[in-house]
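Reading the structure
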Amino acid sequence: MVFGRSKRGGRKAPAEPVTLKVLVAGGFGVGKTTLVGAVSEIKPLRTEETLTEAGRRFDDTQGVEAKTTTTVAMDFGRITIHDELVLYLFGTPGQDRFWFLWDELASGALGAVVLADTRRLEDSFAAIDYFERRSIPFTVAVNCFDGAERYPAETLREALDLDGEVPVMQCDARQRESARDVLISVVEHAMHTAAQRAAHSPAEA
């Protein structure tokens, strides 16, 4: 690569895009790895291992009996929303025994997606509690599995005991456009939350 001084009147170098970190969280088998893989513009980094009989006593597979692998560290992907904004995606492991990784993954995150499955809605509670306690903005995205019941957003909001400001939406984690819409919702919600916090914080002397 050749470097040199730019000529006067030459074209201005394009600005570097803003890069932001977003977590993709939720219960075991809810579709986190699928969402990251569907939307990532690079080959996603995955840390999946095959489920074993020994591990099944720790991993509740009820409702997702066909699942044969599990994330043991994280999934990683990247998506360019537009020329000035790039999101780095970190999918968290869903099982309780890997929760010690969450604090490291959450460090510096703009916000999060909490994926939910209406067949196992209670599996979302732990992730919701985690982000609420740490004041990390999040969007709840209900992954519409084939054959699963679908409910209005307000019904889901009540069942999950969510604050009225938290976005609730349906998605298909297999579809790029659907996953992208969820991520845009996270960014917009996080920016709105940051603006509200700034407006209510005491002014500096």
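Given the structure is predicted, the values throughout are model-derived calculations rather than measurements.

With that settled, the discussion passes to the state of the cysteines. Evaluated as defined, the whole model comprises zero disulfides. Not part of a disulfide, C144 finds its nearest cysteine sulfur in C171, a span of 6.5 Å. Residue C144 is classed as buried on the basis of its relative accessible area of 12%.

In the structure shown here, the tally under the stated rule is seven salt bridges. Across the pair D103 and R134 runs a salt bridge whose closest N-O atoms are separated by 3.5 Å. Separated by 31 residues along the polypeptide, D103 in helix α2 (residues 102–106) and R134 in the loop between α3 (125–133) and β7 (138–143) bring together distant segments of the chain. Its relative accessible area of 36% is what places R134 among the partly exposed residues.

This part takes up the pairing of strand β4 (residues 75–82). Note that β4 and strand β5 (residues 85–91) share seven bridges and pair antiparallel. Looking at β5, one finds that D75 is bridged to G91. Hairpin geometry of β4 and β5 is characterised by an intervening segment of two residues between the two adjacent antiparallel strands.

Here we come to the side chain of S178. Of note, S178 is situated in helix α5 (residues 176–200). Contact partners of S178, with chain neighbours within four places excluded, come to C171 and D172.

As a further point, take the packing of aromatic side chains. Each aromatic ring pair is described using two quantities: the centre-to-centre distance and the angle formed by the ring planes. For the coordinates displayed, the defined rule picks out six aromatic pairs. Plain terms: the ring middles of Y130 and F131 are 5.4 Å apart, the flat faces sit at 90 degrees to each other, and that makes the pair edge-to-face. Owing to a relative accessible area of 0%, F131 belongs among the buried residues under this scheme. By the ring-pair criterion, three or more aromatic residues cluster together here, those being W102, Y130, F131 and F138. Here the guanidinium or amino end of K21 rests over the ring plane of F90, the centre of that ring lying 4.8 Å away.

L23, V114, I128, F131, F138, V140 and L162 are the most contacted members of the largest nonpolar core, which has 25 residues in total. Within the residue set of this core, elements represented by two or more residues are β1 (18–26), α2, β6 (111–116), α3, β7 and α4 (153–160). Sort the elements by how many residues they give to this core and α3 lands first, with four residues. When sequence neighbours within four positions are dropped, the list of residues in contact with F131 reads L23, A25, W102, A112, V114, I136 and F138. Listed in part, the 21 residues of the second largest apolar core include V24, I79, L89 and V186.

What counts and what doesn't
Residues numbered from 1 in each chain as written. Predicted model: local features only at pLDDT ≥ 70, side-chain atom pairs only at ≥ 80, totals over all residues. Heavy atoms only, no water. Disulfide = S-S within 2.5 Å. Buried < 20%, exposed > 50% of the residue type's maximum accessible area, 1.4 Å probe, protein only. Salt bridge = Lys/Arg side-chain N within 4 Å of Asp/Glu carboxyl O. Helix = DSSP H or I, 4+ residues; strand = E, 2+ residues; numbered from the N terminus. Pairing = 2+ DSSP bridges. Contact = heavy atoms within 4.5 Å. Phe/Tyr/Trp six-rings, centres within 6.5 Å; stacked < 30°, edge-to-face > 60°. Lys NZ or Arg CZ within 6 Å of the ring centre and 35° of its normal. Core = buried A, V, L, I, M, F, W, Y, C linked by side-chain atoms within 4.5 Å.

Interpretation note: all reported values are geometric properties and have no functional meaning in isolation.
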